[in-house]
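In case you want the letters, here they are:
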Amino acid sequence: VQLQAYGGGLVRTGDSLRLSCVAAGRTSSGRDYGVGWFRQAPGKDREFVSVIYWYGSTTYYADSVKGRFTISRDNAKNTVYLYMNSLKSEDTAVYYCAARVPGGEYYRPDGYSNWGQGTQVTVSS
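Here goes a summary of the coordinates provided. A quick note: this is a predicted structure, and the numbers were derived from the prediction, not measured.

About the cut-offs
Residues numbered from 1 in each chain as written. Predicted model: local features only at pLDDT ≥ 70, side-chain atom pairs only at ≥ 80, totals over all residues. Heavy atoms only, no water. Phe/Tyr/Trp six-rings, centres within 6.5 Å; stacked < 30°, edge-to-face > 60°. Helix = DSSP H or I, 4+ residues; strand = E, 2+ residues; numbered from the N terminus. Lys NZ or Arg CZ within 6 Å of the ring centre and 35° of its normal. Disulfide = S-S within 2.5 Å. Buried < 20%, exposed > 50% of the residue type's maximum accessible area, 1.4 Å probe, protein only. Pairing = 2+ DSSP bridges. Axes fitted to C-alpha atoms, helices over the stretch in contact; angles between N-to-C directions.

What to know about the packing of aromatic side chains
In the structure shown here, the tally under the stated rule is nine aromatic pairs. Seen from their ring centres, Phe-48 and Tyr-106 are 5.3 Å apart, and the 75 degrees between their planes marks the pair as edge-to-face. Here Phe-48 is found in strand β5 (residues 47-53), whereas its partner Tyr-106 is found in the loop between β9 (93-100) and β10 (112-113), with 58 residues between them in sequence. In this structure, Arg-46 is placed above the aromatic ring of Tyr-96, and the distance from its NZ or CZ to the ring centre is 3.8 Å. Here Arg-100 stacks its cationic end above the ring of Tyr-112, 5.6 Å away from the centre of that ring.

Side note on the state of the cysteines
If you walk through the whole model with that rule in mind, you get one disulfide. The disulfide partner of Cys-21 is Cys-97, and the gap between their sulfur atoms is 2.2 Å. Across the S-S bond linking Cys-21 and Cys-97, the dihedral sits near 80 degrees, which makes this disulfide right-handed. Of this pair, Cys-21 sits in strand β3 (residues 17-24) while Cys-97 sits in strand β9, and the two are 76 residues apart along the sequence. According to the relative accessible area criterion, Cys-21 is buried, its value standing at 2%. When its relative accessible area of 0% is taken as the criterion, Cys-97 is described as buried.

With respect to the sheet that holds strand β1 (residues 2-6)
Reading across from one edge, β1-β3-β8-β7 is the order of the four strands in this open sheet, with antiparallel pairing throughout. With partners counted over all chains shown, the strands left at the sheet margins are β1 and β7 (69-74), one partner each. Across the sheet, the mean angle from the axis of one strand to that of its neighbour is 15 degrees, orientation sign disregarded.

What follows is the structure, encoded as structure tokens:
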């Protein structure tokens, strides 16, 4: 499966933005599979943002985005969305989506494969 993230842009503090991650190819609906979002700001490590599992729609969020970001999926479109509200300057980063696979922790990059090209989100004050 190939994943591609879309929807980044330049917004102001407090604005909202929706990112899309489109999966092309065969996706697994098994219990341990899903799609996650990570982000990476300049000079920083890639950090976990959120994940949604195909089975049962279980979701997890980083504390830094909890209550502001919402992850959802559209199985018919093989697309996972990340709705980002009340954006802050510290949300500025390149956002990546990747396939959650068995093994590794959900909040670590090594729990994912098939990383898509990122999409830049810039929040200006």
